[in-house]
Amino acid sequence: MTDLSALPANLPAPLDDGACDHLPGARVPSVPLPTSAGNWVDLAGLPGRTVLYIYPRTGRPDGPLPEGWDLIPGARGCTPQSCAFRDHHAELQAAGARVFGLSTQDTAYQREAAGRLHLPFPLLSDAELRLAAALRLPTFEVEGQTLLQRVTLMLREGVVEHVFYLVFPPDRNAADVLAWLAAHPA
């Protein structure tokens, strides 16, 4: 069984390839997405601030990871990242931000992950890569699947206010977002 809650030592760090340089100031397109909570969310129409952490895929403890997963820079760490957002959720809400996670996994898979990880916020599914294409989000291929690279977007009134790209290590992302929110109050 794989321990998905821990990050292995010596994970390769991703390098900034400029793939998100176009995002600050971009308007989020209207692309309703299904959630693990059983409803739909259109990020373009949400008031206030939204934290959208985008991750490749959550693994299951009873299943194998893709071949060579730990060698792909930035791939490993979706469960620790999600758990960090879970653990800091009340603080993020107090700072005036709602939280969503986003991957290309289908809603049923995400529903299981959200329940298993006790996430107090929904996961969004972009299985058809509609939002990814509209925002030109960076992707990579593994075992015939197109997955999203790890990036966190700070949205305000449907506009990308700030981008965390090269989220590494992923388990620190929620704390980094909190620090940014404290330095940039609404």
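Each value, and the rule that gives it
Residues numbered from 1 in each chain as written. Predicted model: local features only at pLDDT ≥ 70, side-chain atom pairs only at ≥ 80, totals over all residues. Heavy atoms only, no water. Pairing = 2+ DSSP bridges. Helix = DSSP H or I, 4+ residues; strand = E, 2+ residues; numbered from the N terminus. Axes fitted to C-alpha atoms, helices over the stretch in contact; angles between N-to-C directions. Contact = heavy atoms within 4.5 Å. Phe/Tyr/Trp six-rings, centres within 6.5 Å; stacked < 30°, edge-to-face > 60°. Buried < 20%, exposed > 50% of the residue type's maximum accessible area, 1.4 Å probe, protein only.

Taking an unreviewed UniProt entry as the reference, the chain is identified by name as Peroxiredoxin belonging to Deinococcus metallilatus.

**Re the sheet that holds strand S3 (residues 49–54)**
A sheet is described by the order of its strands in space; here 5 strands give the open sequence S5-S4-S3-S8-S9, paired in mixed fashion. A strand with exactly one partner marks an edge of an open sheet, and here the two such strands are strand S5 (123–125) and strand S9 (159–165). Sheet twist, expressed as the average angle between the axes of neighbouring strands with direction ignored, equals 25°. In the packing of helix H3 (residues 107–116) onto the sheet, contacts are made with strand S4 (97–103) and S5, and the angle to S5 comes to roughly 165°. On the sheet, helix H5 (residues 173–183) packs against S3, S4, strand S8 (151–156) and S9 and is oriented at approximately 135° with respect to S9.

**Regarding the packing of aromatic side chains**
Per the stated rule, a full pass over the model turns up 4 aromatic pairs. An angle of 5° between the planes, with centres 4.5 Å apart, marks the rings of tyrosine 53 and phenylalanine 85 as stacked. Taken together, the residues tyrosine 53 in strand S3 and phenylalanine 85 in helix H1 (residues 78–87) connect sequence positions 32 residues apart. The pair tyrosine 53 / phenylalanine 85 is uniform in exposure class, with both members buried.

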